[in-house]
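Letter by letter, the chains look like this.
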Amino acid sequence: MTLVIAGYSYGDFEQESIYFASDSNITQNNVVMVNGFKKVIEVPIKMQGLSFSGEWFNDYYHKSKNDAVCAIAFAGSTLVAQHMINSIKNHLTELYPWYRNGKYILAMSCEGSKQLRNGDYDESMFLPRHINSLINADYISDVVEHSINAVLDKARKHTSMRNHFGAYQAEFLLGIQCPQDRKYYLYKYEIVEDPILEAVVKKTVIRRNAIAMIGSGKFKQDYFEKVVFKEAFDNRIFTKNDFQISSLTHEYNSFFGTHGFVYAGKRVFKLLNEVIDYENSTRSNIIGKPSGLFELQDGILKRVGFER
């Protein structure tokens, strides 16, 4: 099983980031199959390049440079989750710029009918200013949702997902810094039962005054989330706008430092390790160390905490 806790954090000089505090156990029937499994990964986002000869469009080509980077955390059936992660990677690394009805938009790799065809296009079209504005957090969150649903669509052709729903249960967290407004966004995806399609993805936007958790059902109950806030944030929910910072000394006042989302990731990581220690002391191996604290900031996912 798994426990990943994610949210927004603020560090020195009010720098915002998204943190992920994660265990690393893969278990079956309380038996540890492997530990040290990385459950938070960096996923590149790439638009395909456009090859022109004058005004003639030749084809798309793969660029080596990333246009953006996002972070994905996952929990649930490892094999199914890994398949969905691969689907997310494939979709996010093959986005195709195109033009229709007076608008520049992006098409996914599975949307062949929406990709440019060979032909003449005016030299004033497909300039960097047209292309660079296409990727935003909302669009990326939709692509991730589509990528997970694409796996479920294929699975429906082979088996009854209603009868085998547990095998397809997985959860994901998406963290991204929007290339357009430079703000951070956090999304949660759950595979839920549906009366018609049997299983679909439910997407939730995580607010800045909230946290997100995925993993074992034991940690999804309201009381546990309240414990997280009480222990890590003194049971108060604030954003950085609720406090004042001295512009001369760059020091946080004591109330901000104690109760705000300053270094929230570090406090949640401490709590995560306490929960792991408690679970292991009761001979429960559903979560375990080594644990990691990851931070997405300025387009880079870094491991900033580790405990064996």
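Parameters and conventions
Throughout, a residue's number is its position along its own chain's written sequence, starting from 1. Two thresholds apply to this predicted model, a pLDDT of at least 70 for residue-level local features and 80 or more for giving and counting side-chain atom pairs, whereas whole-chain, interface and lining totals are computed over all residues. The basis for every side-chain value is the complete set of non-hydrogen atoms in the structure, without hydrogens or water. The pairing criterion for strands is at least two bridges between them, as found by DSSP. Put simply, DSSP H or I for four residues or longer makes a helix, DSSP E for two residues or longer makes a strand, and each gets a number counted from the N terminus. Lines are fitted to the C-alpha atoms to define the axes, a helix being fitted only along its stretch in contact, and any angle between axes, read from their N-to-C directions, falls within 0 to 180 degrees. In this analysis, two residues are considered to be in contact whenever any of their non-hydrogen atoms come within 4.5 Å of each other. Note on exposure labels: buried denotes an accessible area under 20% of the residue type's maximum, exposed denotes more than 50%, and partly exposed covers the range between, all computed with a 1.4 Å probe on protein chains only.

### Let's talk about the sheet that holds strand β17 (residues 300-307)
In a beta sheet, neighbouring strands pair by backbone hydrogen bonds and run either parallel or antiparallel.
In step 1: Across the sheet, five strands lie side by side as β15-β1-β2-β16-β17; this open sheet has antiparallel pairing. Lying at the two open borders of the sheet, with one neighbouring strand each, are β15 (211-215) and β17. The average undirected angle you get between the axes of adjacent strands in this sheet is 20 degrees.
In step 2: For strand β1 (residues 3-10) and strand β2 (residues 16-22), the ladder comprises seven bridges, and the chain directions are antiparallel. Each residue of the ladder has a partner; that of I5, found in β2, is A21.
In step 3: Packing against the sheet, helix α5 (residues 222-233) makes contact with β1, β2 and β15, and its axis sits at approximately 130 degrees to β15.
In step 4: Of the strands in this sheet, β1, β2, β16 (291-297) and β17 touch helix α7 (residues 264-281), which is tilted by about 160 degrees from β16.

### Focus on the pairing of β2
In step 1: Taken across its seven residues, β2 has seven buried, putting it largely inside the fold.
In step 2: Neither face of β2 is left uncovered, since the one carrying E16, I18, F20 and S22 and the one carrying S17, Y19 and A21 both have all their residues buried.
In step 3: Relative to β16, β2 runs antiparallel, the two being bridged by five bridges. Each residue of the ladder has a partner; that of I18, found in β16, is L296.

Nothing here speaks to function; it is all geometry.
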